[in-house]
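Given next are the chains, with one letter for each unit.
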Amino acid sequence: ELKGIVFVIQSQSNSFHSKRAEDLKRDILKQAVDLGKELPTVLLIHQIDRHEGAWTILPLMTDFSVTYGRNSSWIFFCEEDTRIQVLKLVETLRRFDKSKEWFLGKALYDEESTIIHHYAFAENPTVFKFPDFAAGWALSIPLVNKLAKKLKSEPLKSDFTIDLKHEIALYIWQKGEGPHLTPVPEFCTDDVNSYKVDHCATTFSNFLPLCGEPVNKEDVFVAVKTCRKFHGDRIPVVKRTWEREAALIEYYSDYADISIPTIDLGIPNTDRGHCGKTFAILERFLNHTSPRTPWLVVVDDDTLISIFRLRKLLSCYDPNEPVFLGERYGYGLGTGGYSYITGGGGMVFSRAAVQKLLASKCRCYSMDAPDDMVLGMCFSGLGIPITHSPLFHQARPMDYPKDYLSHQIPVSFHKHWNIDPVKVYFTWLAPNTEESPNGKKVEYNREDL
């Protein structure tokens, strides 16, 4: 029965991530050998290179159907940090009739409708369940075949891929004509060492990667994009929260204000995209900072970020590689589009990536073009992959299911709408060992937010 499961690891081509995915593949195959079973198929998504948008999974359904539609029972998807008890997984899947259409996973749901899901199910968002990829999720082959058939007759329409797990569940649901997600209690995101995991077929091993000493404070240059109209309300929040974590930080505006201080890049503020400003920041980083500073972080003035945690995360990446890191979105991926890092959660560049980008001819098609999308287009054209981390967030903590955030140590959130951003910072992002600016230890309860 194990050979009837096709394992698909949602891997990435960056060297750190591909190694972790290879390690998981080896572990799955070793467990199969130890059980005396025939080896299952284990695929790494980043190696399926026929589609730029392979990470969005739906474009691969036709291939899965053609290749595995006759001799397999299940496609089981997991992340590089999902840990799998292969025997328990086989036993769990055995409970479900493989000749029927099944969509299995650990269920997440929105407690209130949210912008990242286009305010879906606004009346009662809790009714719609979608899978937590970290726990693993599975499609029966009859459902894969059905999806492949549908994709042939009706190509994917969505321009944007924002939250893949929600969008896949919506596509499978087919406005009520397809299956809902069936929650499986054996698909877990508890830590692999937790006392709670005895019944689990899957666990999750990674809250915040650390691959050695955190990178030095002086190795991270932080660029904050702002404009005159936000100097009075947004910049004070940065100064009360995370500014002190940054050794190298500059504020870039359309007006030089010495009290902050801000630097006027000579680029007028635009109401929409900020491509001109962002490319000016990249030029300045390359030409006016120490060549020994390997990392650049570009954030909005309403981004809340933990530089302390980011330094830990960056210990896993090689700054000599062209790295472009953050929360990945997709545009037009079914039709030859590109992936990009969404700007609000923070965009992290290695100096090598900035050098390659600026050495190319790729630039803004207009000053107010969306900077994050233009950067995605440019890096795609250069063959430099986007590197996704779920620890960066384009929205606020309440825009994500609590259960999803519970197995993360977040690096960033974005937006100040209807929240106390200082409170959000000290609840979700402040280093536990540090104190608030007035010297008192600050403790907030996440459940309050």
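Residues numbered from 1 in each chain as written. Predicted model: local features only at pLDDT ≥ 70, side-chain atom pairs only at ≥ 80, totals over all residues. Heavy atoms only, no water.

S.K.: Would you mind showing me how to read unusual backbone geometry here?
M.R.: Excluding glycine, residues mostly have negative phi values, and the peptide bonds linking residues are mostly trans. Here the residue pair Ile260 and Pro261 is connected by a cis peptide bond, since its omega of -10° sits within 30 degrees of zero. Along the polypeptide, Pro261 turns up in the loop between β14 (248–253) and β15 (262–264). Here the phi dihedral of Lys175 falls at roughly 55°; this positive angle occurs in a residue that is not glycine. Its location among the elements puts Lys175 in the loop between α5 (164–173) and β10 (182–183). Judged by its relative accessible area of 76%, Lys175 falls in the exposed class. (Helix = DSSP H or I, 4+ residues; strand = E, 2+ residues; numbered from the N terminus. Buried < 20%, exposed > 50% of the residue type's maximum accessible area, 1.4 Å probe, protein only.)

S.K.: When you look at the environment of Gln408 in this model, what are you seeing that I'm missing?
M.R.: Within the secondary structure, Gln408 sits in the loop between α11 (402–405) and β23 (412–414). Along the sequence, Gln408 and Leu139 sit 269 residues apart, while their C-alpha atoms lie 25 Å from each other. Setting aside residues no more than four positions away along its own chain, Gln408 makes contact with Phe207, Pro390, Leu391 and His393. Polar side-chain contacts of Gln408 include one of 2.9 Å to the side chain of His393. (Contact = heavy atoms within 4.5 Å. Polar contact = N/O pair within 3.5 Å; in protein donor to acceptor, adjacent residues only side chain to side chain.)

S.K.: Help me understand the pattern of salt bridges, please; the structure alone is not making it clear to me.
M.R.: Side chains that differ in sign of charge can pair as their charged atoms come close. Within this structure, the stated rule accounts for 22 salt bridges. Its salt-bridge partner being Glu111, residue Lys402 comes within 3.5 Å of it at the nearest N-O pair. In this pair, Lys402 is assigned in helix α11 and Glu111 in the loop between β6 (107–108) and β7 (130–131), connecting sequence segments 291 residues apart. Since its relative accessible area comes to 39%, Lys402 is described here as partly exposed. Notably, a salt bridge pairs Lys239 with Glu243, separated by 2.7 Å at the nearest N-O pair. Glu243 sits in the buried class, given a relative accessible area of 19%. Several salt bridges share partner residues, and in doing so they unite Lys19, Asp23 and Arg26 into one network. (Salt bridge = Lys/Arg side-chain N within 4 Å of Asp/Glu carboxyl O.)

S.K.: How do you make sense of empty space enclosed by the protein when you look at a structure like this?
M.R.: Unoccupied space between atoms shows up once a probe the size of one water molecule is rolled over them. The tally for this structure, following the rule as stated, stands at two cavities of 30 Å³ or more. One number sums up the size of the largest cavity: a volume of about 740 Å³. The wall of the largest cavity is formed by 36 residues, among which Glu79, His388, Ser389, Pro390 and Tyr404 lie closest to the centre. Elements represented by at least two residues in the lining of the largest cavity include exactly α1 (15–34), α5 and β19 (328–331). A per-class count over the lining of the largest cavity returns 19 nonpolar, nine polar and eight charged. Among the domains, domain 1 (2–204) and domain 2 (217–435) are the pair contributing at least three residues each to the lining of the largest cavity. Space inside the second largest cavity adds up to approximately 40 Å³. (1 Å grid on protein atoms, 1.4 Å probe; cavity = no way out; pocket = protein on both sides within 12 Å on 5 of 7 lines; lining within 4 Å. Points joined across faces, edges and corners; volume = space filled by probe spheres on them. Nonpolar A, V, L, I, M, F, W, Y, C, P; charged D, E, K, R; others polar. Domains from an automatic or database assignment.)

In short, shape yes, function no, at least from these values alone.
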